[in-house]
Amino acid sequence: MGYRVAIVGATGNVGREMLNILEEVEFPVDEIHAIASRKSKGVEVSFGDKTIKCQDIEQFDFSSVDIVLMSAGGAVSKEWSEKIGKAGPIVIDNSSAFRKDADVPLIVPEVNPDAIKDATKKNIIANPNCSTIQLVTALKPLHDAARIKRVVVSTYQSVSGAGKEGMDELWNQTKAIYGLGDARPKKFPKQIAFNVIPYIGSFLEDGSTDEEQKMSDETHKMLDPNIQVTVTCVRVPVFVGHSEAVNVEFDRPIAPDEARAILREAPGVLVIDKQEHDGYITPVDAAGEHAVYVSRIRKDPTVENGLNLWVVSDNLRKGAALNAIQIAQLLDETGVIKSSSGYRSITI
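Residues numbered from 1 in each chain as written. Predicted model: local features only at pLDDT ≥ 70, side-chain atom pairs only at ≥ 80, totals over all residues. Heavy atoms only, no water.

1. Digging into the side chain of Arg 99
1) Next: In this structure, Arg 99 sits in the loop between β7 (90-93) and β8 (124-126).
2) Next: Each residue touching Arg 99, except ones within four places of it in the same chain, is listed here: Asn 94, Leu 106, Ala 126, Asn 127, Pro 128, Asn 129, Lys 214, Glu 218 and Lys 221. (Helix = DSSP H or I, 4+ residues; strand = E, 2+ residues; numbered from the N terminus. Contact = heavy atoms within 4.5 Å.)

2. Looking at the pattern of salt bridges
1) Next: One pass over the structure, following the stated rule, counts 20 salt bridges.
2) Next: Across the pair Glu 218 and Arg 99 runs a salt bridge, and its minimum N-O distance is 3.3 Å. Separated by 119 residues along the polypeptide, Glu 218 in helix α5 (residues 210-222) and Arg 99 in the loop between β7 and β8 bring together distant segments of the chain.
3) Next: Among the residues examined, Arg 99 registers a relative accessible area of 7% and is labelled buried. (Salt bridge = Lys/Arg side-chain N within 4 Å of Asp/Glu carboxyl O. Buried < 20%, exposed > 50% of the residue type's maximum accessible area, 1.4 Å probe, protein only.)

3. Focus: the packing of helix α3 (residues 130-145) against α5
Working note: a packed helix pair is described by the angle between its axes plus the distance between those axes.
1) Next: Orientation of α3 relative to α5, taken along the N-to-C sense of each, is 40 degrees, at an axis distance of 9 Å. By the angle between their directions, the pair α3 and α5 is classed as oblique. Crossing geometry of α3 relative to α5 is assigned as right-handed. Counting all contacts with α3, which are made through Ser 131, Thr 132, Leu 135 and Val 136, the residues of α5 involved are Glu 211, Lys 214, Met 215, Glu 218, Thr 219 and Met 222.
2) Next: Considering only residue class, the contact of α3 with α5 consists of four nonpolar, three polar and three charged. (Axes fitted to C-alpha atoms, helices over the stretch in contact; angles between N-to-C directions. Parallel < 35°, antiparallel > 145°, perpendicular 65-115°, else oblique. Left-handed = near helix turned anticlockwise from the far one by under 90°. Nonpolar A, V, L, I, M, F, W, Y, C, P; charged D, E, K, R; others polar.)

4. Thoughts on the domain arrangement of the chain
1) Next: Annotation of the chain at the domain level lists domain 1 (3-127 + 320-334) and domain 2 (131-314).
2) Next: Across the boundary between the two partners, domain 1 contributes 19 residues, which contact 17 residues of domain 2.
3) Next: For the interface between domain 1 and domain 2, the tally reads two salt bridges.
4) Next: The salt bridge partner of Asp 217 is Lys 100, with a shortest N-O separation of 3.3 Å.
5) Next: In this assembly, domain 1 and domain 2 are joined by five residue pairs in polar contact (both at pLDDT 80 or more).
6) Next: Considering each element in turn, the side of domain 1 that touches domain 2 owes the most residues, three residues, to helix α8 (residues 317-333). (Domains from an automatic or database assignment. Polar contact = N/O pair within 3.5 Å; in protein donor to acceptor, adjacent residues only side chain to side chain.)

5. A few points about the sheet that holds strand β6 (residues 67-70)
1) Next: The strand order across the open sheet formed by six strands is β5-β2-β1-β6-β7-β8, and the pairing between neighbours is parallel. Edge strands, defined here as strands with exactly one partner in the open sheet, are β5 (55-56) and β8.
2) Next: Direction of pairing for strand β2 (residues 29-36) relative to β5: parallel, over a ladder of two bridges. Residue pairing across strands places Ala 36 opposite Asp 56, the latter belonging to β5. (Pairing = 2+ DSSP bridges.)

6. With respect to the environment of Gln 326
1) Next: With respect to the element layout, Gln 326 can be found in helix α8.
2) Next: Counting along the chain gives 302 residues from Gln 326 to Glu 24, while the straight-line C-alpha distance between them is 12 Å.
3) Next: Of note is the side chain of Gln 326, whose polar atom sits 2.5 Å from the side chain of Lys 318.

7. Some remarks on the packing of aromatic side chains
1) Next: In this structure the tally under the stated criterion is six aromatic pairs.
2) Next: An angle of 75 degrees between the planes, with centres 4.9 Å apart, marks the rings of Phe 60 and Phe 62 as edge-to-face. We note that Phe 60, like Phe 62, is buried.
3) Next: Residues Tyr 199 and Phe 203 carry aromatic rings whose centres are separated by 4.7 Å and whose planes lie at 40 degrees to one another, so their mutual orientation is tilted.
4) Next: When its relative accessible area of 54% is taken as the criterion, Phe 203 is described as exposed.
5) Next: Of note, Lys 83 hangs over the ring of Trp 80, and the distance from its end group to the ring centre comes to 4.2 Å. (Phe/Tyr/Trp six-rings, centres within 6.5 Å; stacked < 30°, edge-to-face > 60°. Lys NZ or Arg CZ within 6 Å of the ring centre and 35° of its normal.)

8. Details of the nonpolar core
1) Next: Within the largest apolar cluster, 53 residues are counted, with the highest numbers of intra-cluster contacts made by Phe 62 and Val 246.
2) Next: Top element by residues in this core is α3. It accounts for six residues. (Core = buried A, V, L, I, M, F, W, Y, C linked by side-chain atoms within 4.5 Å.)

9. Some points on the UniProt feature "active site" (unreviewed entry) in the chain
1) Next: Listed under "active site" (unreviewed entry) in the UniProt record, and renumbered for this structure, are Cys 130 and His 242. Annotated residues spanning 113 residues; largest pairwise C-alpha distance 8.2 Å, indicating a single compact cluster.
2) Next: Contacts of Cys 130, omitting those with residues within four sequence positions, involve His 242, Asn 315 and Gly 319.
3) Next: When residues no more than four places from it in sequence are discounted, the contact partners of His 242 are Cys 130, Ser 131, Gln 134, Tyr 156, Gln 157, Ser 158, Gly 161, Arg 235, Val 311, Val 312, Ser 313 and Asn 315. (UniProt positions renumbered as here; feature names shortened; annotations may be inferred.)

10. So, the confidence of the model for the chain
1) Next: Averaged over all residues, the pLDDT of the chain equals 95, while 97% of them reach at least 70.
2) Next: In this model residues 341-348 is a low-confidence stretch, pLDDT under 50, and it forms 25 contacts with partners more than four residues away in sequence or in other chains. (pLDDT = per-residue confidence, 0-100.)

11. Thoughts on the pairing of strand β14 (residues 306-313)
1) Next: For β14, a buried count of seven out of eight residues is recorded, marking the element as mostly surrounded by other parts of the structure.
2) Next: Bridge count for strand β13 (residues 292-300) against β14 is seven bridges, and the pairing is antiparallel. Within β14, the residue paired with Lys 299 across the bridge is Leu 307.
3) Next: The turn linking β13 back onto β14 is made up of five residues, and Asn 305 within it adopts a positive phi angle of 60 degrees.

Given below as structure tokens:
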């Protein structure tokens, strides 16, 4: 027997990716349920060669499932996740609602798998921010080898991070500009087509945004609270795939060749780093892939023990759906939940 799985937010970008990846990695699913708001009741989504109809979250009996993959936004998670956890299943939540909760583990399986031991405190596990996931996946093996003192990150985040509405806005604005149509912004505060927007989330009192604060807080919670982290998050006119320019300062010298060797052995990481005109990864290259890619590894001569990295990953996959399903695998592998079925682990 496999697991009984429910996906809340099954009609969204990440929800659909969760359905795709569950099938791709042959996760042992005995029953699959697509859950959405009442307005999406009856909408059909695909799971392998099957079509399933969405059920109303208000009417669904969550005590009838083992795992709930929650990807319906923070407001829905705040209303439902704790109630669902008390009903029995473990909730893997893709929103920011519980990431700071001391009783809720925040997990990237390649970074802090031991945190899974706290999964049953509230029966909720938080999936980190998409940009944080790829950052800490790349930093963890380097931090193990040479302690990281400070990280400066500039993100280049795709519009899919803002959901289907963000992708539609880029598409519609691009068509409008070429056709002399209406390119006024609706989802984003400024035009995103042929532009970049140095603002994601909402402003905080110190002038940073909550998206930037999330990356700092989550890096501290999962990797090391002593690392100094400063972040600037930027939305760019790319459909899928987040990129990050990362400057790292270590407590000892670490040469680019040593960093490459460490990262080549790291789980979930692929190094594509040749000093050639196409010897690096772009978001287009990473779209649809599972790995966190690292390129442009080079020394920073302006600080002691500094390196620069270029980190790219598919934000809908490793940045969201894939990481959530890897957490589900970790639940099984550690015996937090049990199934008699086998499956193949995701390998990069």
